[in-house]
Amino acid sequence: MLDSSLSQARIQAHVLVSGRVQGVGFRMATYDMAQELGLNGWVRNLADGCVEAVFEGSKDVVDKMVRWCHQGSRAAVVKDVTVEYKAPEGISKFSIRR
């Protein structure tokens, strides 16, 4: 049986998404989904064409957001998603970084 305290523990996921993920509304869709799920963190485009994001929240909700990143916005074509889990930094909101 899953320990409920484990699924409610706050975590951070540092995510890199590659593919056709810039110029297709990926950052805005990520922002909207993170807001809907009540997550904190940020998302930004990288010079290499990838999108980088950090999500903080309960493990089950962060995992749901990471799963969403495998599809992303409607026009996106995601090739790969890499995730590194870390201790949360205590980010207080979700933002789009430029």
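Every chain begins its residue count from 1, and numbering advances along the sequence as written. Thresholds applied to this predicted model are a pLDDT of at least 70 for local features of residues and 80 or more for the giving and counting of side-chain atom pairs; totals over whole chains, interfaces and linings are not thresholded and use all residues. Excluded from the side-chain calculations are hydrogens and water; all other atoms, namely the structure's heavy atoms, are used.

Concerning the nonpolar core
Just so we agree on the cut-off: Definition of nonpolar core: a set of buried residues of the types Ala, Val, Leu, Ile, Met, Phe, Trp, Tyr and Cys, connected through side-chain atoms within 4.5 Å. Three labels apply to residues, based on accessible area from a 1.4 Å probe with only protein chains included: buried if under 20% of the type maximum, exposed if over 50%, partly exposed otherwise in between. Secondary structure elements are taken from DSSP: a helix is a run of H or I of four residues or more, a strand is a run of E of two residues or more, and numbering for both begins at the N terminus.
Ranked by internal contacts, the top residues of the largest apolar core, which has 23 residues, are Val15, Phe26 and Phe55. Listing elements by their share of this core, those giving two or more residues are β1 (10-20), α2 (26-37), β3 (51-58) and α3 (59-69). Looking at this core, the element that brings in the most residues is α3, giving five residues.

Examining the pairing of β3
To be explicit about the condition: Two strands qualify as a pair provided DSSP detects at least 2 bridges between them.
Taken across its eight residues, β3 has eight buried, putting it largely inside the fold. By the bridge criterion, eight bridges tie β1 to β3 in an arrangement that is antiparallel. When the sheet's bridge partners are listed, Ala13 is paired in β3 with Phe55. Of the strand pairs in this sheet, strand β2 (residues 40-45) and β3 are connected by six bridges, and their pairing is antiparallel. Counterpart to Arg44 in the pairing with β3 is Glu52. Linking two consecutive strands that pair antiparallel, namely β2 and β3, is a turn of five residues; a positive phi of about 95° is found at Gly49 within it.

Structural notes on the UniProt feature "active site" (unreviewed entry) in the protein chain
For the record, the criterion: UniProt positions are given in the numbering used here, feature names are shortened, and annotations may be inferred rather than shown by experiment. Between two residues, a contact is recorded if the distance between any of their heavy atoms is within 4.5 Å.
UniProt annotation of "active site" (unreviewed entry) refers to Arg27 and Asn45 when read in the numbering used here. In terms of the greatest pairwise C-alpha distance, the residues named above, spread along 19 residues, form a tight cluster of at most 7.6 Å across. Mapped onto the elements, Arg27 comes out in helix α2. Other than its neighbours up to four places away in sequence, Arg27 contacts Val43, Arg44, Asn45, Ile96, Arg97 and Arg98. Note on placement: Asn45 falls in strand β2.

Considering the sheet that holds β3
Our working definition: To obtain each axis, a line is fitted to C-alpha atoms, and for helices this fit is confined to the stretch in contact; angles are then taken between N-to-C directions over 0 to 180 degrees.
The strand order β4-β1-β3-β2-β5 describes an open sheet built from five strands, whose pairing is mixed. The outermost strands of the open sheet, each flanked by one partner alone, are β4 (77-86) and β5 (94-96). Along the sheet, successive strands turn relative to each other by an average axial angle of 15°, direction set aside. Lying on the sheet, α2 is in contact with β1, β2, β3, β4 and β5; it crosses β5 at an angle near 170°. Contacts from α3 reach β1, β3 and β4 within the one sheet, and its direction differs from that of β3 by about 155°.

Quick notes on the pairing of β1
With nine bridges connecting them, β1 and β4 associate as antiparallel partners. What sits directly across from Ser18, in β4, is Asp80.

Digging into the pattern of salt bridges
Rule in force here: The salt bridge criterion pairs a side-chain nitrogen of Lys or Arg with a carboxyl oxygen of Asp or Glu, the two atoms within 4 Å.
Within the structure shown, the criterion is met by two salt bridges. Among the salt bridges present, the one from Arg44 reaches Glu52, with a minimum N-O distance of 2.6 Å. For Arg44, a relative accessible area of 29% corresponds to the partly exposed category. Taking relative accessible area as the criterion, Glu52 reaches 8% and is therefore assigned buried. With a closest N to O distance of 2.7 Å, Lys59 and Asp63 form a salt bridge.

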